[in-house]
Amino acid sequence: MNIIVCIKQVPDTTQVRINPETNTLIREGVQSIINPFDMYAIEEGVRLKERFGGKTTVITMGPPQAEAALREAISLGCDDAVLVSDRAFAGSDTLATGYTLSMTIKKIKDFDIIVCGKQASDGDTAQVGPGIAAHLDIAQVTCVRKIDEFKDNQLTVERMTEEGFEIIKTRLPCLMTVVKEINSPRIPSLKGKMRAKSAVIPTWKGKDIEAQEEHLGLIGSPTQVVKIFTPPPRPKGQIFEGDAEDSASKLVGILKGIL
Amino acid sequence: MIDYLLTEEQVMIRDLCRQITEEKIKPVAAEYDKTGEFPWDVLKVIAQSDLFGVYIEEQYGGMGGGVMELCIATEEFSKGCGGIALGYSATALGTYPIILFGTEEQKKKYLPPIAKGEKLAAFGLTEPAAGSDASAIQTTAKKEGDHYILNGTKHFISNGGDAEIYTIIAMTDKSKGPRGASLFVVEKGTPGFTFGKKEDKMGIRASSTRELVFTDCKIPKENLLGKEGMGFIAAMRTFDQSRPGIGAQAVGIAQGALDAAVQYARERKQFGKAISTFQGIQWMLADMATQVEAARALVYASAREVDAGKKDVGKDSAMAKLFASDVAMKVSTDAVQIFGGYGYMREYPVEKFMRDAKITQIYEGTNQIQRNIIGLALIKDSAKK
């Protein structure tokens, strides 16, 4: 079973602040980390390989420094890595990103399962995973919390919903996005870290993956960001002191005023 | 911290151990201290991270490092919990006799599962009547055909009961005194090998300390390490190698206590100011930090000396163990003092550092025995001149 894990390097959200004038992220001095949801994807990708054999390839689309995220993934047990990086990718929205990654996966060719984190902690869209599956025209299961079994080329998984969970059977190849309930990511191994240090990670550009320019980067991105703003802080709540009857009638008065 | 010019690999080991300590040891240290249970879950993480093999040769599944790598790992784990760190380093103590005196077959058989962390090891020398006087060993190993029959009791054995592989000192010829002692490998599960009382300790409570009982325990003669009669010398040479590890454990405990004290001094307010602004506290912290650094320098220097294959490392490794363990006791006691009343309470982590520190002055040769080793070496060296 060959597995591809898609990851994204994001700013460490525990350290991020917003510039109140420009409403943009202050990225200076903020460390880059692997998107936390993708850590579960890496772990599951490695566990799948350990359970069913095969190999796990990790890919990311991003600037050259995103290679560090791939090396970390190798230290956590992934076998190979590919960085997809090209100036032409700049400004990609989720549609263009999904396209670019799907073309990368087409070039890798040999895969059975694609694992993605549920969403990225910076954009929070949860669209890229499903986008890749759509571009590749393969089955997709989002929010997977458990992989039950793999039998007769069918994978049985549990998918989290707001009310509980669904059990889904899917044929391979398929794409799944995973939630944090699925596993507990391991700590890297020393051998993994050494392998990560010396691993040769190829960088593929747009032409390497035979991508069509009109689907890449800003040109290929229909999303328009009109305005980014920090929501105003919530006003302080009011507390009525005194006995319940008085407080209740005060509250009713205020509510009537609003209506 | 002084730059000890660690190799890239050593930095990798340190960082990985630091991550394990922060994420997996610190959150559970207080709980294991309370329950005294064996920290299998943490040791499994250490095993999965390939760290049990840092000091074992690559051909036996290790990473090919030495005592220095073992010290780096032990120090980092000890910053979080001296007890959990012992589960790790006591395995090294049990393994060193195999590394030093094992035949190719013995190494091939026992080292790979230890390097992978699948099996823990333990070293069995101490007996109820044989502590500092290791020559008073009562356990016997009688040769009968292709076997040895072991009888006797070892006590205070770290990793006792939880380890799979035990290196045991027993008398093959009592009439010869210390020259009649031999070293054996005994595997858990061997008929006649059972475990006695589990000790309820003051500190390092996450480690297991237990009695080993041998009752007509029959082991194949291939389990003899080295030659008959060299058990006592083998034990001493093992300690020469392992003492820097105890020093590293002590340095880790001391550093953990110091870090906690510095942080607390910055937070704790008295007389309207953080107590870290008082010179009295600053001077205490300065002395503590200086002592920890001096101890670390001595431990690393002696570890590197052992790895470089220097002969007669006994005195230097005794100095490292002696100095570092005394520093751990002093620094952890001062850390409790800086915490004041809170420091005496179980709710805060420093009293545990103080309890854990105490054993480093006692085991693998009391600090009085270390002074004997150093003193005798000085006199011997002087007589040679």
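Residues numbered from 1 in each chain as written. Chains lettered and ligands numbered in written order. Predicted model: local features only at pLDDT ≥ 70, side-chain atom pairs only at ≥ 80, totals over all residues.

Q: Account for the overall build of chain A, with residues named and values stated.
A: Helix and strand counts for chain A stand at six helices and 13 strands. For chain A, the C-alpha atoms occupy an extent of roughly 70 × 45 × 40 Å along the three principal directions. In chain A, which comprises 259 residues, the share counted as buried stands at 38%. (Helix = DSSP H or I, 4+ residues; strand = E, 2+ residues; numbered from the N terminus. Buried ≥ 20, exposed ≤ 12 C-beta atoms within 10 Å, placed from the backbone.)

Q: How would you summarise unusual backbone geometry if you had to cite specific residues and measurements?
A: The omega torsion of the bond from L172 of chain A to P173 of chain A falls at 0°, within 30 degrees of zero and hence cis. Topologically, P173 of chain A is positioned in the loop between β11 (165–171) and β12 (174–178). Phi angles above zero are rare outside glycine, and D124 of chain A is one such case at about 60°. With respect to the helices and strands, D124 of chain A occurs in the loop between β8 (113–117) and α4 (128–136). Backbone geometry places I204 of chain B, a non-glycine residue, at a positive phi of 35°. Here I204 of chain B shows up in the loop between β6 (193–198) and β7 (209–220).

Q: So what's going on with the sheet that holds strand β6 (residues 56–61) of chain A? Which residues, and what values?
A: One open sheet accounts for nine strands, arranged β11-β10-β9-β12-β8-β1-β6-β7-β13 (chain A); its pairing is mixed. Of all strands in the sheet, those with a lone pairing partner are β11 and β13 (203–204) of chain A, marking the two edges. (Pairing = 2+ DSSP bridges.)

Q: Any chance you could break down the pairing of strand β1 (residues 3–7) of chain A for me, citing the residues and the numbers?
A: Residue and element names in this part refer to chain A. Counting buried residues in β1 gives five out of five residues, a clear majority hidden from the surface. Side-chain alternation along β1 places I3, V5 and I7 on one buried face and I4 and C6 on a second face that is also buried. Relative to β6, β1 runs parallel, the two being bridged by five bridges. The residue bridging C6 from the neighbouring strand is I59, located in β6. Relative to β8, β1 runs parallel, the two sharing four bridges. Its bridge partner being in β8, C6 is matched across the sheet by C116.

Q: Break down the interface of chain A and chain B for me, with residues and values.
A: By a widely used convention, the size of an interface equals the accessible area lost when the partners come together. Contacts between the two partners involve seven residues from chain A and, on the opposite side, 12 residues from chain B. Residue classes in the side of chain A that touches chain B are distributed as three nonpolar, one polar and three charged. (Contact = placed C-beta atoms within 7 Å. Nonpolar A, V, L, I, M, F, W, Y, C, P; charged D, E, K, R; others polar.)

Q: Which residues make up the nonpolar core, and what are the values?
A: F184, A254, A261 and A335 of chain B are the most contacted members of the largest nonpolar core, which totals 121 residues. With 16 residues, the single largest contributor to this core is helix α6 (residues 231–267) of chain B. The contacts of F184 of chain B, once residues within four sequence positions are left out, are A141, Y148, I168, A170, I219, N223, L224 and L225 of chain B. Listed in part, the 58 residues of the second largest apolar core include L70, C143, L175 and L216 of chain A. (Core = buried A, V, L, I, M, F, W, Y, C linked by C-beta atoms within 7 Å.)

Q: An account of helix α1 (residues 8–35) of chain B is needed here, citing residue identities and associated values.
A: For α1 of chain B, spanning 28 residues, the distance from its first C-alpha to its last is 38 Å, which sits close to the expected 40 Å at 1.5 Å a residue. Taking the largest bend as the criterion, α1 of chain B deviates by roughly 50°, centred on I25 of chain B, and proline P27 of chain B comes between one and four positions later. Among the residues of α1 of chain B, M12, I13, L16, C17, I20, T21, K24, I25, A29, Y32 and D33 of chain B are the ones counted as buried. Elements that come into contact with the buried residues of α1 of chain B comprise α5 (190–198) of chain A together with α2 (40–48), α3 (67–80), α4 (82–101) and α9 (350–360) of chain B. Where α1 of chain B ends, the next residue or the one after it, G36 of chain B, has phi of about 70°, a positive value. (Expected span 1.5 Å × (residues − 1). Bend = angle between axes of the 7 residues up to and from the residue.)

Q: Residues and numbers for helix α5 (residues 104–115) of chain B, please.
A: Residues and elements named next belong to chain B. For α5, with 12 residues, the first-to-last C-alpha span of 16 Å sits near the 16 Å given by 1.5 Å per residue. Of the positions making up α5, those classed as buried are Y110, L111, I114 and A115. For α5, the angular spread of buried residues about the axis comes to 125°, placing them on one side. Residues of α5 that are buried sit in contact with α4, β1 (121–124), β4 (165–171) and β5 (181–187). Positive phi shows up at G117, right after α5, with a value of about 80°. (Arc of directions from axis to C-beta.)

Q: Report on the environment of F165 of chain A, specifying residues and quantitative values.
A: All names here are of chain A. Along the polypeptide, F165 turns up in strand β11. For F165, a count of 15 C-beta atoms within 10 Å puts it in the partly exposed group. Separated by 21 residues in sequence, F165 and V144 have C-alpha atoms that sit 9.1 Å apart. In this view, F165 contacts R145, E158, R159 and M160; residues no more than four positions away in its chain are not counted.

Read these as geometric descriptors, not functional statements.
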